[in-house]
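Below are the chains, spelled out letter by letter.
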Amino acid sequence: MSPSSHTPETNMGMLFRQVRDAMWADMAREMAAAGHDLTYSQFVTIKRLATDSSDGVTDLARWAQVNPGAMTRLLDKLETRGLLRRIADPSDRRALHIVLTDAGQAIWSDIQHCGERVRARAMQGLSDGEREQLFRLLNQVLQNLTPPIANDD
């Protein structure tokens with residue numbers, strides 16, 4: 001292996017993945033310590049429903065980075081646990097509204113603190129300016145890699 005293969009630029013994708021995986025693992029530990037048996041995908045689904053309950057299965061799947069079939073199974077599990085319910089849309093019988101129950105809202109109130117602790121640990125040792133710079137740079141990388149939305153005008 002050549003020395004240049006160890007430069008940060010050649011390992012950027014791997015580093016992004018390792019950071020993501022480390023945050024997900026830390027989040028799982030936080031939720032388990034708080035007494036919640038949830039996967040990371042279940043956490044982000046509950047988070048999305050708590051903050052924007054207008055999403056359907058496809059949008060939730062995209063948000064949680066799972067396929068729609070896996071999202072349906074995930075929603076089945078959360079519904080069985082009494083954390084959400086699916087309500088038929090009166091104006092479109094094919095559509096469902098997915099909403100958190102009171103129990104789902106209560107879990108969200110607790111697990112959002114788990115996320116706050118994980119983010120605080122991830123940012124430990126960084127100044128406010130460094131945090132701002134990190135997010136600015138990561139957003140620039142994301143923007144660079146996100147294809148523009150086609151305009152049909």
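Residues numbered from 1 in each chain as written. Predicted model: local features only at pLDDT ≥ 70, side-chain atom pairs only at ≥ 80, totals over all residues. Heavy atoms only, no water.

Topic: the overall build of the protein chain
Move 1: Summing up its helical and strand segments, the protein chain has six helices and two strands in all.
Move 2: The helix and strand sequence of the protein chain, counted from the amino end, reads α-α-α-α-β-β-α-α.
Move 3: The globule rule puts the C-alpha radius of gyration for 153 residues at 15 Å, and the 19 Å found for the protein chain is more than 25% above it.
Move 4: Taken along its principal axes, the extent of the C-alpha atoms in the protein chain is 60 × 50 × 35 Å.
Move 5: Of all 153 residues assigned to the protein chain, the portion counted as buried reaches 24%. (Helix = DSSP H or I, 4+ residues; strand = E, 2+ residues; numbered from the N terminus. Rg over C-alpha atoms; globule rule 2.2 N^0.38 Å. Buried < 20%, exposed > 50% of the residue type's maximum accessible area, 1.4 Å probe, protein only.)

Section: the packing of aromatic side chains
Move 1: Counted under the stated rule, the structure contains three aromatic pairs.
Move 2: Considering the side-chain rings of Y40 and F43, the 5.9 Å spacing of their centres and the 40° angle between planes classify their relative orientation as tilted. Here the residue Y40 and the residue F43 both occupy positions in helix α2 (residues 40-51), the gap between them amounting to three residues, near one helical turn.
Move 3: On the accessibility criterion, Y40 (27% relative accessible area) is partly exposed.
Move 4: Relative to W108, the ring of F43 lies with its centre 6.0 Å away and its plane at 40°, an arrangement referred to as tilted. In this pair, F43 is assigned in helix α2 and W108 in helix α5 (residues 102-122), connecting sequence segments 65 residues apart. (Phe/Tyr/Trp six-rings, centres within 6.5 Å; stacked < 30°, edge-to-face > 60°.)

With respect to the layout of surface pockets
Move 1: Approximately 1500 Å³ is the volume found for the largest pocket.
Move 2: What lines the largest pocket is a set of 30 residues, among which V19, R20, M23, F135 and L138 lie closest to the centre.
Move 3: Counting only elements with at least two residues in the lining of the largest pocket, the list comes to α1 (12-33), α2, α3 (57-64), α5 and α6 (128-145).
Move 4: Broken down by element, the lining of the largest pocket gets its largest block of residues, nine residues, from α1.
Move 5: Class assignment of the residues belonging to the lining of the largest pocket gives a composition of 24 nonpolar, three polar and three charged. (1 Å grid on protein atoms, 1.4 Å probe; cavity = no way out; pocket = protein on both sides within 12 Å on 5 of 7 lines; lining within 4 Å. Points joined across faces, edges and corners; volume = space filled by probe spheres on them. Nonpolar A, V, L, I, M, F, W, Y, C, P; charged D, E, K, R; others polar.)

Brief notes about unusual backbone geometry
Move 1: Phi at Q65 takes a positive value of approximately 60°, unusual for a residue other than glycine.
Move 2: Following the sequence through the fold, Q65 ends up in the loop between α3 and α4 (68-80).

Thoughts on the side chain of D26
Move 1: In this fold, D26 is placed in helix α1.
Move 2: D26 sits in the buried class, given a relative accessible area of 15%.
Move 3: Of the polar contacts made by the side chain of D26, one reaches the side chain of R121; its length is 2.9 Å. (Polar contact = N/O pair within 3.5 Å; in protein donor to acceptor, adjacent residues only side chain to side chain.)

Considerations on a nonpolar patch on the surface
Move 1: On the surface, M12, F16, L126, L134, F135 and L138 cluster together to form a nonpolar patch covering roughly 470 Å² of accessible area.
Move 2: The set of elements that each furnish at least two residues to the nonpolar patch consists of α1 and α6.
Move 3: The leading source of residues in the nonpolar patch is α6, at three residues. (Patch = residues over 30% accessible without salt bridge, like charges linked within 9 Å, V, L, I, M, F, W, Y side chains within 5 Å. Areas by Shrake-Rupley, 256 points an atom, 1.4 Å probe, with all protein chains shown as cover. Salt bridge = Lys/Arg side-chain N within 4 Å of Asp/Glu carboxyl O.)

Scope: geometric values only; no functional claims are made or implied.
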